[in-house]
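Observations on the three-dimensional arrangement
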Amino acid sequence: QQQVKQSPQSLIVQKGGISIINCAYENTAFDYFPWYQQFPGKGPALLIAIRPDVSEKKEGRFTISFNKSAKQFSLHIMDSQPGDSATYFCAASKVYEAAGNKLTFGGGTRVLVKP
Amino acid sequence: GAGVSQSPRYKVAKRGQDVALRCDPISGHVSLFWYQQALGQGPEFLTYFQNEAQLDKSGLPSDRFFAERPEGSVSTLKIQRTQQEDSAVYLCASSPRGAGGYTFGSGTRLTVV
């Protein structure tokens, strides 16, 4: 059962453009929604995260938009740079689950920023 | 250490062999997770430790998979009688006790031939 669906699978954007990645979740008990960035041969690295009590969170060029009623959230990368070329994963978890906040990941989006 | 360290970085095993993958978490991190990442896919949860206690092993795909963290620091993921479908990157992550994001290691790429 795929509890977190991510789209698109890949996207190409020109330098300076905006990259938009979307995720939808099914489990309404999820209350923590992070985005991870992964480069080849490396583990995922936390980029930015949001809790469902806010609709938007911005950190530098990265913004998460969250729509609780639609059970959807998205990542916007503003002024995309070639160094942003990587695979991005959305994820979700239940923060206060007794057995740790295990993450359910989306399938990933491979982003290529062309100079 | 400064980050989560995993060894070996690459492992090639013949089908039927047993393998052991090691994870050194960030010093003082109470929580430790193992994930499996198939090629082109997102990581999938395998198991979770809080100190030395294995609190959740619901993601282990079969009884050939076994994990331990006997002293609450270093953890080992063991796979017995490896099969081709076990080929994947095995990621370890650790976090301080409680909520929030955690730090992943670079993973061990296991190839079963």
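The preceding data block contains the structure.
Treat the numbers as computed from the prediction; the structure is a model and nothing was measured. (Residues numbered from 1 in each chain as written. Chains lettered and ligands numbered in written order. Predicted model: local features only at pLDDT ≥ 70, side-chain atom pairs only at ≥ 80, totals over all residues. Heavy atoms only, no water.)

Considerations on the sheet that holds strand β8 (residues 75-79) of chain B
Residue and element names in this part refer to chain B. Short version of the rule: Any two strands are treated as partners once DSSP identifies two or more bridges connecting them. Per the convention used, a helix needs a DSSP run of H or I reaching at least four residues, while a strand needs a run of E reaching at least two, with both numbered from the N terminus. Note on geometry: axes are C-alpha line fits, over the in-contact stretch for helices, and angles between N-to-C directions span 0 to 180 degrees.
Strands sit in the order β1-β3-β8-β7 across an open sheet of 4 strands; the sheet is antiparallel. Of all strands in the sheet, those with a lone pairing partner are β1 (5-7) and β7 (65-68), marking the two edges. Between one strand axis and the next, the sheet turns by 15° as a mean value, whatever way the strands run. With 3 bridges connecting them, β1 and strand β3 (residues 19-24) associate as antiparallel partners. Residue pairing in the sheet places Ser-5 in a bridge with Asp-24 of β3.

Digging into the sheet that holds strand β1 (residues 4-7) of chain A
Residue and element names in this part refer to chain A. Across the sheet, 5 strands lie side by side as β1-β3-β8-β7-β6; this open sheet has antiparallel pairing. Both edges of this open sheet fall to β1 and β6 (56-59), since each of them pairs with a single strand only. Mean inter-strand twist for the sheet, computed between neighbouring axes without regard to direction, equals 15°. Where β1 meets strand β3 (residues 19-25), 4 bridges bridge the pair, whose relative direction is antiparallel. Looking across to β3, one finds that Lys-5 is bridged to Ala-24.

A look at the pattern of salt bridges
Residue and element names in this part refer to chain B. Just so we agree on the cut-off: For this analysis, a salt bridge means a side-chain nitrogen from Lys or Arg found within 4 Å of a carboxyl oxygen belonging to Asp or Glu. Only protein chains enter the accessibility calculation, which uses a 1.4 Å probe. A residue is then buried if its area is under 20% of the maximum for its type, exposed if over 50%, and partly exposed in between.
One pass over the structure, following the stated rule, counts 7 salt bridges over all chains. Notably, a salt bridge pairs Asp-86 with Arg-64, separated by 2.8 Å at the nearest N-O pair. Remark: Arg-64 occurs in the loop between β6 (53-56) and β7 and Asp-86 occurs in the loop between β8 and β9 (88-95); sequence separation between them is 22 residues. Of the two residues, Asp-86 and Arg-64, neither departs from the other in class, the shared state being buried. Across the salt bridge formed by Glu-68 and Lys-78, the nearest N and O atoms sit 3.3 Å from each other.

Description of the interface of chain B and chain A
Put simply, the rule is: We call two residues in contact whenever any of their non-hydrogen atoms come within 4.5 Å of each other. A quick way to say it: buried area is the sum, across both parts, of accessible area lost when two parts are put together, with a 1.4 Å probe. Polar contact is the term for a pair of N or O atoms within 3.5 Å; when the atoms are in protein, one must be able to donate a hydrogen and the other to accept it, and sequence-neighboring residues count only if both atoms are side-chain atoms. Gly falls in the polar group here, along with every residue not listed as nonpolar (Ala, Val, Leu, Ile, Met, Phe, Trp, Tyr, Cys, Pro) or charged (Asp, Glu, Lys, Arg).
Taken together, the contact between chain B and chain A spans 22 residues of the former and 19 residues of the latter. Contact between chain B and chain A buries roughly 1500 Å² in total, counting both sides, with carbon and sulfur atoms accounting for 54%. The interface formed by chain B and chain A contains 1 salt bridge. Lys-102 of chain A is paired through a salt bridge with Asp-56 of chain B; the nearest N and O atoms lie 3.0 Å apart. For the pair chain B and chain A, the number of links is 8 residue pairs in polar contact (both at pLDDT 80 or more). Elements with a contribution of two residues or more to the side of chain B that touches chain A: β4 (31-37), β5 (44-50) and β6 of chain B. Examining the composition of the side of chain B that touches chain A, we find that 3 residues originate from one element, β4 of chain B, more than from any other. Considering only residue class, the side of chain B that touches chain A consists of 10 nonpolar, 10 polar and 2 charged.

Some remarks on the nonpolar core
Nonpolar side chains tend toward joint burial in soluble globular proteins. Residues and elements named next belong to chain A. To keep things clear, this is the line we draw: What we call a nonpolar core is a set of buried Ala, Val, Leu, Ile, Met, Phe, Trp, Tyr and Cys residues that are connected through their side-chain atoms within 4.5 Å.
Of all hydrophobic cores here, the largest spans 24 residues; its most connected members are Phe-33, Trp-35, Phe-73, Leu-75 and Tyr-88. The element contributing the most residues to this core is strand β9 (residues 86-92), with 4 residues. Dropping the residues within four chain positions of it, Phe-73 is found in contact with Ile-21, Asn-22, Cys-23, Tyr-25, Phe-33, Trp-35, Ser-65, Phe-66, Cys-90 and Ala-91.

Section: the pairing of strand β11 (residues 108-112) of chain B
Residue and element names in this part refer to chain B. Here β11 shows a buried face lined by Thr-108, Leu-110 and Val-112 and an unburied face lined by Arg-109 and Thr-111. The pairing of strand β2 (residues 10-13) with β11 spans 4 bridges and is classified as parallel. Bridge pairing in β11 places Val-12 opposite Thr-111. Sheet topology places β9 next to β11; 3 bridges connect them, and they run antiparallel.

A closer look at a nonpolar patch on the surface
Residues and elements named next belong to chain A. Selection criterion: Residues enter patches when their relative accessible area tops 30% and they take part in no salt bridge; the joining distance is 9 Å for like charges and 5 Å for the nonpolar side chains Val, Leu, Ile, Met, Phe, Trp and Tyr. The method behind every accessible area is Shrake-Rupley, applied with a 1.4 Å probe, and residues are considered shielded solely by the protein chains displayed.
Taken together, Ile-18, Ile-20 and Met-78 make up a surface patch of nonpolar side chains, about 240 Å² in accessible area. Note that Ile-18 resides in the loop between β2 (10-14) and β3. The partly exposed category is assigned to Ile-18, whose relative accessible area is 46%.

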